[in-house]
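In case you want the letters, here they are:
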Amino acid sequence: MSLVNEIEQRRTFAIISHPDAGKTTLTEKLLLYGGAIHLAGTVKARKSQKYAVSDWMEIEKQRGISVASSVLQFNYKGCKVNVLDTPGHQDFSEDTYRTLTAADSAVMLIDAAKGVEEQTKKLFRVCRQRKLPVFTFVNKLDRYGRNPFDLMDEIEKVLGIRSCPLNWPIGVNGKYCGIYDRRKKNADIFLHDGSHGAKQTEAARYDPKDKAFREKVGEEAFLSLFNDMELLDVAGDPFAPEKITAGELTPMFFGSAMTNFGVEVFLEEFLRLSPPPRRRPLRDGTQRYPDNPLFSAFIFKIQANMNPGHRDRIAFFRICSGIFNKGMTVYHVQGGKNIRLAQPQQFLAQEREIVDKAYPGDILGIFDPGVFAIGDTFCDESENIRFEDFPVFPPEQFVRVQPKDTLKRKQFVKGIEQLGQEGAVQIFKQPASASESYIIGTVGALQMEVLAYRLRGEYGVELVITALSYSVARWLLGEEKYLSNMKGIDNGMLVLDKKGAPVVLVNNTWNLNWLIERNPQITFLEAPNAS
Ligand code: G4P
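Everything quoted here is computed from the prediction, not taken from an experiment.

Across its full length, the protein holds 14 helices and 31 strands. Taking all 531 residues of the protein together, 55% fall into the buried category. Approximately 23200 Å² of the protein is accessible, and the part contributed by carbon and sulfur atoms is 50%.

Moving on: the side chain of Glu383. Tracing the backbone shows Glu383 in the loop between strand S23 (377-379) and strand S24 (397-403). Given a relative accessible area of 17%, Glu383 falls into the buried group. Only 2.7 Å separates the side chain of Glu383 from the side chain of Arg288, close enough to count as a polar contact. Setting aside anything within four residues of it in sequence, one finds Glu383 in contact with Arg288, Leu294 and Tyr331.

For the rest of this paragraph, the subject is the sheet that holds strand S28 (residues 472-477). Read across the open sheet, the four strands follow the order S29-S30-S28-S31; overall the sheet is antiparallel. If you trace the sheet from one side to the other, it starts and ends with strand S29 (492-496) and strand S31 (523-525), each paired once. Between one strand axis and the next, the sheet turns by 35 degrees as a mean value, whatever way the strands run. In terms of strand pairing, S28 meets strand S30 (residues 502-506) through four bridges, oriented antiparallel. Among the inter-strand pairings, Ala473 is bridged to a residue of S30, identified as Leu505. Together, S28, S30 and S31 form the strand contacts of helix H14 (residues 509-518), whose direction differs from that of S30 by roughly 130 degrees.

Attention now goes to the pattern of salt bridges. Per the stated rule, a full pass over the model turns up 26 salt bridges. Of the charged contacts in the structure, one is a salt bridge between Arg143 and Asp111, with a shortest N-O distance of 3.9 Å. Of this pair, Arg143 sits in the loop between strand S5 (134-139) and helix H6 (148-159) while Asp111 is found in strand S4 (residues 105-111), placing the two residues 32 residues apart along the sequence. On the basis of relative accessibility, which here comes to 2%, the residue Asp111 falls in the buried class.

To continue, consider the pairing of strand S3 (residues 79-84). Among the six residues of S3, five are classified as buried, and the element is accordingly described as predominantly covered. Both strand S1 (residues 10-17) and S3 contribute to a ladder of five bridges, which runs parallel. Within S3, the position partnered with Ala14 by the bridge is Leu84. Relative to S3, strand S2 (residues 71-76) runs antiparallel, the two sharing six bridges. Each bridged residue has a counterpart across the sheet, and for Phe74 the counterpart in S3 is Val81. As consecutive antiparallel partners, S2 and S3 are separated by two residues, and within that stretch Lys77 has a phi angle of approximately 40 degrees, a positive value.

Looking at the protein, pLDDT values average 85 and 85% of them are 70 or higher. Low pLDDT, under 50, characterises residues 347-351; the predicted model gives this stretch 22 contacts beyond four residues in sequence or across chains.

By the secondary structure assignment, Asp368 is in the loop between strand S22 (363-367) and S23. Assessed through its relative accessible area of 3%, Asp368 is described here as buried. Distance in space between the C-alpha atoms of Asp368 and Arg313 is 5.2 Å, their sequence separation being 55 residues.

The next point concerns the sheet that holds S24. Ordered by their spatial adjacency, four strands build an open sheet running S25-S26-S24-S27, and the pairing between neighbours is antiparallel. In the strand order of this sheet, the two ends are held by strand S25 (426-428) and strand S27 (463-468), each with one partner. Pairwise comparison of adjacent strand axes, ignoring direction, gives a mean angle of 30 degrees for this sheet. Lying over the sheet, helix H12 (residues 445-459) contacts S24, strand S26 (438-442) and S27, oriented at roughly 165 degrees with respect to S27.

What follows is about the pairing of S5. Across the six residues of S5, six count as buried, placing the element largely inside the fold. The alternating pattern of S5 places Val134, Thr136 and Val138 and Phe135, Phe137 and Asn139 on opposite faces, both of which are buried. As paired elements, S4 and S5 share six bridges and run parallel to each other. Within S5, the position partnered with Ala106 by the bridge is Val134. Between the parallel pair S4 and S5, the chain is carried across by helix H5 (residues 118-129), and the sense of this crossover is right-handed. Where S5 meets strand S11 (residues 249-254), three bridges bridge the pair, whose relative direction is parallel. Within the sheet, the bridge partner assigned to Val138 lies in S11 and is Phe254.

Here we take up unusual backbone geometry. Even without being glycine, Lys185 reaches a positive phi, approximately 60 degrees. Counting through the fold element by element, Lys185 comes out in the loop between strand S8 (175-181) and strand S9 (186-189). Overall, Lys185 belongs to the exposed group, its relative accessible area being 52%. Positive phi outside glycine occurs at Asn260, with the angle close to 70 degrees. The topology assignment puts Asn260 in the loop between S11 and helix H10 (263-273). Relative accessible area serves as the criterion here: at 2%, Asn260 is assigned to the buried category.

Moving on, we come to the packing of helix H11 (residues 409-422) against H12. Where H11 contacts H12, the axes come no closer than 10 Å and their chain directions differ by 125 degrees. When the axis of H11 is compared with that of H12, the two are oblique. Where H11 crosses over H12, the two elements pack in a sense that is right-handed. Residues Gln411, Phe412, Lys414, Gly415, Ile416, Gln418, Leu419 and Glu422 of H11 form the contact with H12, whose own contacting residues are Leu451, Arg454, Leu455 and Tyr459. Its residues assigned to classes, the contact of H11 with H12 comprises six nonpolar, three polar and three charged.

Before going further, it helps to examine the nonpolar core. Core analysis: the largest hydrophobic core is formed by 79 residues, its most contacted members being Ile170, Phe295, Phe317, Phe324, Leu341 and Phe378. Residue contributions to this core reach at least three from each of two domains, namely domain 1 (3-277) and domain 2 (281-379). Beyond its immediate stretch of four places on either side in the chain, Leu341 contacts Phe295, Phe317, Phe324, Lys326, Gly327, Met328, Val330, Ile366 and Phe378. Counting 30 residues, the second-largest nonpolar core is a separate cluster that includes Ala21, Leu30, Val107 and Ile244.

Parameters and conventions
Residues numbered from 1 in each chain as written. Predicted model: local features only at pLDDT ≥ 70, side-chain atom pairs only at ≥ 80, totals over all residues. Heavy atoms only, no water. Helix = DSSP H or I, 4+ residues; strand = E, 2+ residues; numbered from the N terminus. Buried < 20%, exposed > 50% of the residue type's maximum accessible area, 1.4 Å probe, protein only. Areas by Shrake-Rupley, 256 points an atom, 1.4 Å probe, with all protein chains shown as cover. Polar contact = N/O pair within 3.5 Å; in protein donor to acceptor, adjacent residues only side chain to side chain. Contact = heavy atoms within 4.5 Å. Pairing = 2+ DSSP bridges. Axes fitted to C-alpha atoms, helices over the stretch in contact; angles between N-to-C directions. Salt bridge = Lys/Arg side-chain N within 4 Å of Asp/Glu carboxyl O. pLDDT = per-residue confidence, 0-100. Right-handed = clockwise from strand over helix to strand, strands pointing away. Parallel < 35°, antiparallel > 145°, perpendicular 65-115°, else oblique. Left-handed = near helix turned anticlockwise from the far one by under 90°. Nonpolar A, V, L, I, M, F, W, Y, C, P; charged D, E, K, R; others polar. Core = buried A, V, L, I, M, F, W, Y, C linked by side-chain atoms within 4.5 Å. Domains from an automatic or database assignment.

If you want it as structure tokens, here you go:
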């Protein structure tokens, strides 16, 4: 098959959601429909597992299948589907954000009763910045859910994106019995088959114009659906594929991952409407198109083995153009060297396999002897290209760290600097401080725990960790005379990032606004200036 055909078949996406919205359940169901597993079961006891590196690892344990924690590939009706893991819960970290840079689209999962929640907002913002097409799946329709118009309204107000429902729940007062497909104009009614969603379900399909449908759902639900459709047709946003691809309109689906209801319809529509691998910007301002025959890829995640007995790390890279062939030699741009991609692994739903060939959109993992960093580019030996720098995400939690044993100073500095380089955490220094301490910024608590764990395991250093009350970081731009005489800095802290750029840490946005008002000559940025 040609490179273009291979690209057209691929869909690489991530599911974003707030914990408990049903991401694990939906992922499991996608595997079920993709034929990767045959019997899904409710994943239990996961929440007590603090170090479950990803929700998928739980699926792995529960179902006895081997699912790697970063990507999962399955085939569905001619599509090669790559689902990227975006860890939730305690393991929420910069990794979660970075994973979105390797995706071509995202599925936003929303609990029908809860609407848009905090973590969804944060992840959505990253999708927005990247102009990723976002598909909304409103989950848990089998139990009480909010009015769908309210949910649409919330998505627009809170996230700032218009939505276009492709199907619609049938029922009244938050009690739903099925969904209506606006495109095909048919209605599927929930069948309770007693398997609790363990098997694929067939829904009972009706033509809403038939008397049988009206009798089945009752007069009130029938009229309500009729009125809602009229309202949507007149006042709703028209279906506009180009707006979906541009990330300006989110197609909206309703269903229930647990009972499988609406999952297959969603999967099919998602695969039909979501884009195959897209072009990617290079640092020199040009774009790399996936059908360029020259191989290129970038590393978006490095995963250290949490087992101290195995100090191996896996670097995950996404192929952006050309064809990967096993054993090929590529140029590692940041390392300035050719390297042989000898034993890259692909993480299929059922097993880890050594792959012979892979294409744009595919994710491979290779052993990292400590030479790779997040954002690194691999390209053809004949080239020297570089993908755009990775975005830096504003950390929200800060601590001061020092080595417990001052004799371990050297290992401490080496460890912190390396882990900072790897992108595990963001490191800052106080400009005038002579003490051997660093300020560490993370977006989630687990990131800090992982840092302490790895310093102990890999560098033999125990840390003294002091929590700081700051929760907001802003990179500063301005003339030196203004920066060194910043007004109102008493309740904040000035630090330097790893490249020496000035950053201010403050307790909350109120303090931040106070600083902004008092220092009009300074620009406050959420991320370092790219130049
Ligand atoms: P997460 O990965 O996003 O955190 O969510 P997860 O899939 O673990 O689902 C969170 C809870 O929501 C689970 O219940 C799960 O069974 C339930 N759930 C997921 N999809 C649906 C759905 O479509 N309908 C209903 N009613 N519930 C759903 P739990 O009680 O926390 O765990 P469990 O005892 O069911 O495993």
